[in-house]
Each structure stands twice: as C-alpha cells, then as structure tokens.
Amino acid sequence: MSDLHATAGRQATPEPPAAGNSHVTTAAVSIRNLSKSFDDVEVLRDVNLEVKQGDVVTILGSSGSGKSTLLRCINWLEQPERGTIHIAGERIGMNADGRPMSVKALARVRARTGMVFQSFNLWPHLNVLHNVTEAPIHVLGQPRQEAEARARELLDKVGMSHKQDAYPNTLSGGQKQRVAIARALAMQPEVMLFDEPTSALDPELVGEVLGVIKALSAEGYTMVIVTHEMAFSRAVSDQVVFLEKGLIIEQADPETFFTRPRTERVQRFLERHQ
Amino acid sequence: MSNWQILWQARDQFWSGFLSTMTIFGCAISAAFVIGCVLLYLLEGSRPRLAVPLRVFIDGMRMLPFLILAYLLYYGLPSFGIRLDAWWSGVGALAVYHGCYIAEIFRGSRLTFPPGQIEAAQAHGFTRSKMFLRLILPQIVMQTRPLLGNQLIYALKDTAFLVIITVQELTAAANSLSGTYFIPTEAFIVVIGFYWAVSIVMEVIVKQCGRFGSRRGFDNV
Ligand SMILES: Nc1ncnc2c1ncn2[C@@H]1O[C@H](COP(=O)(O)OP(=O)(O)OP(=O)(O)O)[C@@H](O)[C@H]1O
Ligand SMILES: [Mg+2]
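Residues numbered from 1 in each chain as written. Chains lettered and ligands numbered in written order. Predicted model: local features only at pLDDT ≥ 70, side-chain atom pairs only at ≥ 80, totals over all residues. Heavy atoms only, no water.

### Here's the deal with the packing of aromatic side chains
To be explicit about the condition: In this analysis, rings of Phe, Tyr and Trp, with Trp reduced to its six-membered ring, are considered paired at centre separations within 6.5 Å, and the interplanar angle assigns stacked below 30 degrees, edge-to-face beyond 60, and tilted for intermediate values. Whether a charge sits over a ring comes down to the Lys NZ or Arg CZ being within 6 Å of the ring centre and within 35 degrees of the ring normal.
Applying the stated criterion across every chain yields a total of 15 aromatic pairs over all chains. An aromatic cluster is built from Phe242, Phe257, Phe258 and Phe269 of chain A, whose rings are joined through pairwise contacts. Sitting above the plane of the Trp123 of chain A ring, Arg183 of chain A keeps its charged end 4.3 Å from the centroid. In this structure, Arg216 of chain B is placed above the aromatic ring of Phe212 of chain B, and the distance from its NZ or CZ to the ring centre is 3.8 Å.

Here it is, written out as structure tokens:
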C-alpha cells in the first residue's frame, strides 16, 4: 500500500489550502449525530458540526459542558457511542461496516489531525527539533533531512528556531506550547485541534501563543479551538459554537454570536466573560 | 613463601576467573535488560489474560532465592529432558531472575508515566510498538537509572553463587586456591577487591549516564 501515508495529494501540496478556496467541497471535519457518555452521564448529545477547509471554529462553553470531549472525539482519543466523524472525507474510528478500525488504520487517520494540548505534552527526552521531527520520521516515514528542513521552517514560523537544540524542561510554558504547535503542524494535518492552548500559561505568555494561532488562521489552516479567550475567539473565528451540557445551543459567525446572541444562556455567559 | 606470594603466582587463575565472571555478568545483564523491556511491553496492553500470569511470574521470580533458581536450572531441568551445561544454566538463571527485577523496576516507573505524553503520541499517529520503543522506554530507562545501577551490582554479586553449580568463575578460583594452599583469608580478600573494583567502576559509569538524563530534566542524580 504505497498511499498509506500520503492521501489525496497531501504531500504534493504541503501548504494548507488558502481560505475561501471555493472549489473544495469536502469538509475538513464533519461530525454527525455524535453522542458520548461517561458512566451513564451523557456528555455529548447528538452533536452535529461541519468545519470547512480553511475555517476556524472556536468552541465555547462553561466548565464541564463537554468541549474537551468533543474535541477528543474528533481524533478518537475518546470513543463516542453513536455518530460518525469524517476527517477530510475519511471516517475515523469505525469502518464502513460499523466495526472498529484496525489499530493501524486508526493511527493513519489520526495522523491527519494535529492536536495541541493544554499541558503541552512535549516529549521531554527529545530536544525541540526532534520533538517536531519524531512523528514525521517515525509515523509518516519522511526522510530525516526533509523532516528536519521542514521542522526548521515550522519552528521559524512559531518563533522558536533559536531553541531547536534545547530540551523542553528548559523552556517557558509559552515556548513549550509554540513547539507543540510546530510539532502538530509537522504532520501536515487536515485540521488542527486546540484544547485550551493558553489555559496553563501565565497571563503574560498567553499573547505569544494566541499570536501564533492567529497567524496560522491568516495562512488558511483549518482549526478547531476550545478556548476561554473571548476577544481571541471573536477575532479569529469563522464560526463560534457554544456547548451547554453536551448540546450545541448556539452556533453563529462571531459578529452575530458576540453582539446578538439568541439565547439567554449565551447572553449571561458573555456578560460574565466581558 | 608468604601467602600473598602464593596468590601472586596463581594470578593467572584469578585472572581467568575474573574474565569468566565478567563474561557471565555481561551476557546475563544484557539479556536481563532485554527480558525486562519485553516483559514491560507485554504488560503494556491491558489484556488481563496475559498481564495476570506475567505478574505472577515476575513476582514468583522475585520472591525466589537466586540460588534455588540456579539449582533448579542446573539440577532440575534435566529431569524434564532439558540439559544445560553449568555456564548456560548460570547465565540463564541470572538473566531471568534479574530480568524480572528489572521488569518490576520498569513497571513501577511506567505507572507514573504522564498519560498526556501517550495521548500526544496517539494524536500524532503512533502505534503501540513505536510509541513504546521511541517514547516510553527511553524515558523509563532514564528515570530508573539509579535503580538499574543498583540492580547491576546485585547481579554482579549473584554471579558468585554460580560456584555452587560448578561454574568456573572468580569465586570458584578463590575457593580452589584457598582449598589447595589453605589461605582462605587472603584468597577471599583478593576476590573482594575485584568485586569492589568492578562495582565502583559501574557506579561511576551509571552516575555519568545520569548527566544525559538530567540535561533533559530527569534529575534523579
Ligand atoms: N474520562 C472521563 N471519565 C468520566 N467522566 C469524564 C471523563 N472526561 C470527562 N468527563 C466528564 O464529562 C463532562 C465533560 O467534560 P469535558 O472535559 O469535556 O468538559 P470541558 O467542557 O472541556 O470542561 P473544562 O472547561 O473544565 O475543560 C464533565 O462532567 C466531566 O466530568
Ligand atoms: Mg476541557
């Protein structure tokens, strides 16, 4: 299977498609009728969401509303009980016949998503450069030289190229998170998933990470971002999704969402977060 | 002729005993390390049908006096139709015994391995075996370095037991010289010197290896 890692021109066009690329019809992420429970408690209830290629979707909601769970279902870190998720047209987790995917196939689809965690989760035994090249070399099978050249470009993009030989334990939180972003980008994912990427950071370090994410959105990367940063969400989103007890109760463009919310619940939420 | 002069004349015997001990130790501890890694990997997948018997095996080994294991392999296995010579029985017993200790050391460290790193690996498309080899195992080895250093010294000392199953190693050399010339004190003092010297060298090396980890924030030096 020669196309094991390179699906549909992914390697041929390393840069993400430009925003507003209207001839692209497959959604980057397509979530249908998704439900997920933890011990009989329904955490997600019949969630539907389409993320177009090049779009930035931010997910808002109070603590425990299911934001992380939704994000983690997209790359199958959590397995939903019902519903389907497609990454650029390819179903994740289940085969067409409804049986669980093989471990290998799942890993391959997962590699088409990139995830950035609240707690960075860099691999401490590898230096910055090798954190970024590890998966491209050992998962995608890229030649080392190529992977390193690409990693240097990405580290440059996130402003971390001067630290490529440093080990994670010597970096600040903001620097770790920027490396984590470069590490995820190195997989050339169809979609980048961010779970509260700035929540573990000192306030003065939040800006540098949000700045990097904003720059990525300007470049046309597709992103799904869970965040508590309202101004950022408003500035960067194409779509804002509000989760409440596992239900999407509001979904709109940022202008509408932040100025004319339909539900009282969102109005109260926005007042509290002004 | 003083007792020490007698020993000096028999220095070839000590030397070949020493080389034999070092060969046995080197082979056994390398195999033990591999056994420890394999056991850890097999324990990884939470399949109780495999994990439970493995845990029983590991604990069973750890709770067994080493000497009895060596006896069993050398004198016991032939009754099952498996005949190993003294050298192979000795190396095999050491490897399995200390492999189980190493597995237990690794397992303890694995329990505190940050789950976030595993998720990051899964999210980047790693499969179980690659993740284990490239991300989990290297960190666990760095983390457990001091305990592994200890285990090296235990294993070295356990090689002395093999004299009982007729392996011609360092302690056997001292034993035979002390018997022939009746100079037990001096013979065994020489042997103690050898064991101490090797242990100290290993301590220093293991300590030096700690720098590798401490640069990466594994500062259990
Ligand atoms: N592994 C789990 N086992 C059991 N319950 C869980 C698990 N993960 C999440 N939950 C529960 O599911 C609900 C949704 O959790 P989730 O982490 O998705 O919320 P969240 O919106 O991300 O919250 P926060 O803003 O605090 O991160 C919570 O009630 C939580 O307690
Ligand atoms: Mg969360």
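### Notes on the sheet that holds strand 1 (residues 29–38) of chain A
All names here are of chain A. Rules: Any two strands with at least two DSSP-identified bridges between them are counted as paired. Counting from the N terminus, the helices are DSSP H or I runs at least four residues long and the strands are E runs at least two residues long. Note on contacts: a residue pair qualifies if any of its non-hydrogen atoms lie within 4.5 Å across the two residues. Think of each axis as a best-fit line through the C-alpha atoms, taken over the contacting stretch in the case of a helix, with angles from 0 to 180 degrees between the N-to-C directions.
What the 4 strands build is an open sheet, ordered 2-1-4-5; its pairing is antiparallel. With one partner strand each, in any of the chains shown, strand 2 (41–51) and strand 5 (90–91) form the two edges of the open sheet. Two elements, strand 1 and strand 4 (residues 82–87), share 5 bridges in a ladder whose sense is antiparallel. If you follow Arg32 over to strand 4, its bridge partner there is Thr84. Together, strand 1, strand 2 and strand 4 form the strand contacts of helix 1 (residues 67–74), whose direction differs from that of strand 1 by roughly 125 degrees.

### Quick notes on the site of ligand 1
Residue and element names in this part refer to chain A. Filter applied, for reference: Note on terminology: near, applied to a residue and a molecule or strand, indicates that one of the residue's heavy atoms is within 4 Å of it. The definition of a polar contact used here is a pair of N or O atoms within 3.5 Å, where within protein one atom must be able to donate a hydrogen and the other to accept one, and adjacent residues in sequence count solely through side-chain atom pairs. The Shrake-Rupley method, run with a 1.4 Å probe, gives the accessible areas here. Residue values count only the displayed protein chains as cover. For this scheme, ten residues count as nonpolar: Ala, Val, Leu, Ile, Met, Phe, Trp, Tyr, Cys and Pro. Four count as charged, namely Asp, Glu, Lys and Arg, and the remainder, Gly too, count as polar.
In the vicinity of ligand 1, the contacting residues are Phe38, Val43, Ser62, Ser63, Gly64, Ser65, Gly66, Lys67, Ser68, Thr69, Glu196 and His228. In the model, an oxygen atom of ligand 1 is placed 3.0 Å from a nitrogen or oxygen of the Gly66 main chain. Within the side chain of Ser68, a nitrogen or oxygen atom sits 2.7 Å from an oxygen atom of ligand 1. Surface burial for ligand 1 is 59%, taken as the share of its 630 Å² of free accessible area covered by protein chains. It is helix 1 that provides the largest number of residues to the shell around ligand 1, a total of 3 residues. Split into classes, the residues belonging to the shell around ligand 1 amount to 2 nonpolar, 8 polar and 2 charged.

### Focus: the pairing of strand 2 of chain A
Residues and elements named next belong to chain A. Inspection of the sheet shows strand 1 paired to strand 2 by 7 bridges, in the antiparallel sense. Across the sheet, residue Ile31 finds its bridge partner in strand 2, namely Leu49. If you look at the hairpin formed by strand 1 and strand 2, you'll find 2 residues sitting between the two strands, and Asp39 has a positive phi there, around 45 degrees.

### A closer look at the state of the cysteines
All names here are of chain B. Rules: Cysteine sulfur atoms that pair up within 2.5 Å are treated as a disulfide. For each residue, the accessible area found with a 1.4 Å probe, counting protein chains only, is set against the maximum for its type, and the residue is called buried under 20%, exposed over 50%, and partly exposed in between.
This structure, assessed with the given rule, holds 0 disulfides over all chains. With no disulfide partner, Cys100 has as its closest neighbouring cysteine sulfur the one in Cys37, 13 Å distant. What makes Cys100 buried here is its relative accessible area of 0%. Lacking any disulfide linkage, Cys209 is separated from the closest cysteine sulfur, that of Cys37, by 15 Å. Judged by its relative accessible area of 44%, Cys209 is partly exposed.

### Here we look at the packing of helix 3 (residues 128–138) of chain A against helix 4 (residues 144–157) of chain A
Residues and elements named next belong to chain A. Applied cut-off: Oblique is the label for any angle not covered by the other classes, which are roughly parallel (under 35 degrees), roughly antiparallel (over 145) and roughly perpendicular (65 to 115). In this scheme the handedness of a crossing depends on how the near helix is turned from the far one: anticlockwise by less than a right angle means left-handed, clockwise means right-handed.
Interhelical geometry of helix 3 versus helix 4 gives an angle of 130 degrees and a closest axis separation of 9 Å. Compared by their axis directions, helix 3 and helix 4 come out oblique. When you trace helix 3 past helix 4, the crossing you get is right-handed. Residue-level contacts link Val128, Leu129, His130, Val132, Thr133, Pro136, Ile137 and His138 of helix 3 to Arg144, Ala147, Glu148, Ala151, Arg152 and Leu155 of helix 4. Taken together, the residues of the contact of helix 3 with helix 4 sort by class into 8 nonpolar, 3 polar and 3 charged.

### Examining the interface of chain A and chain B
Applied cut-off: Summed over both partners, the accessible area (1.4 Å probe) lost when two parts come together is defined as the buried area. By definition, a salt bridge exists where a carboxyl oxygen of Asp or Glu is found within 4 Å of a side-chain nitrogen of Lys or Arg.
In this complex, chain A contributes 26 residues to the contact, which on the side of chain B involves 22 residues. The junction of chain A with chain B conceals about 2,100 Å² of combined surface from both sides, 60% of it contributed by carbon and sulfur atoms. Of all residues in chain A, Trp123, His125 and His138 of chain A give up the largest surface area on contact with chain B, accounting jointly for 29% of the area buried on that side. One can count 2 salt bridges joining chain A with chain B. Put simply, Glu119 of chain B and Arg72 of chain A hold a salt bridge, and the shortest N to O gap is 2.7 Å. The biggest single contributor to the side of chain A that touches chain B is helix 2 (residues 103–110) of chain A, with 4 residues.

### Brief notes about the pattern of salt bridges
Residues and elements named next belong to chain A. Taken as a whole, this structure holds 22 salt bridges over all chains when the rule is applied. The partner of Glu50 in a salt bridge is Arg32, and the shortest N-O contact between them spans 3.6 Å. Of the two residues, Glu50 is situated in strand 2 and Arg32 in strand 1; the sequence distance between them amounts to 18 residues. Residue Glu50 is classed as partly exposed on the basis of its relative accessible area of 39%. Residue Arg32 is classed as partly exposed on the basis of its relative accessible area, which comes to 41%. Look at the salt bridges and you will find they share partners, linking Glu90, Arg108, Arg112 and Glu190 into a network.

### Topic: the UniProt feature "transmembrane region" (unreviewed entry) in chain B
All names here are of chain B. Convention followed: UniProt positions are given in the numbering used here, feature names are shortened, and annotations may be inferred rather than shown by experiment.
Mapped onto this numbering, the UniProt entry annotates "transmembrane region" (unreviewed entry) at residues 20–42, 54–74, 86–106 and 187–206. End C-alpha to end C-alpha, residues 20–42 measures 33 Å, and it is 100% helix and 0% strand. Measuring from the first to the last C-alpha atom of residues 86–106 gives 30 Å, for a span that is 100% helix and 0% strand.

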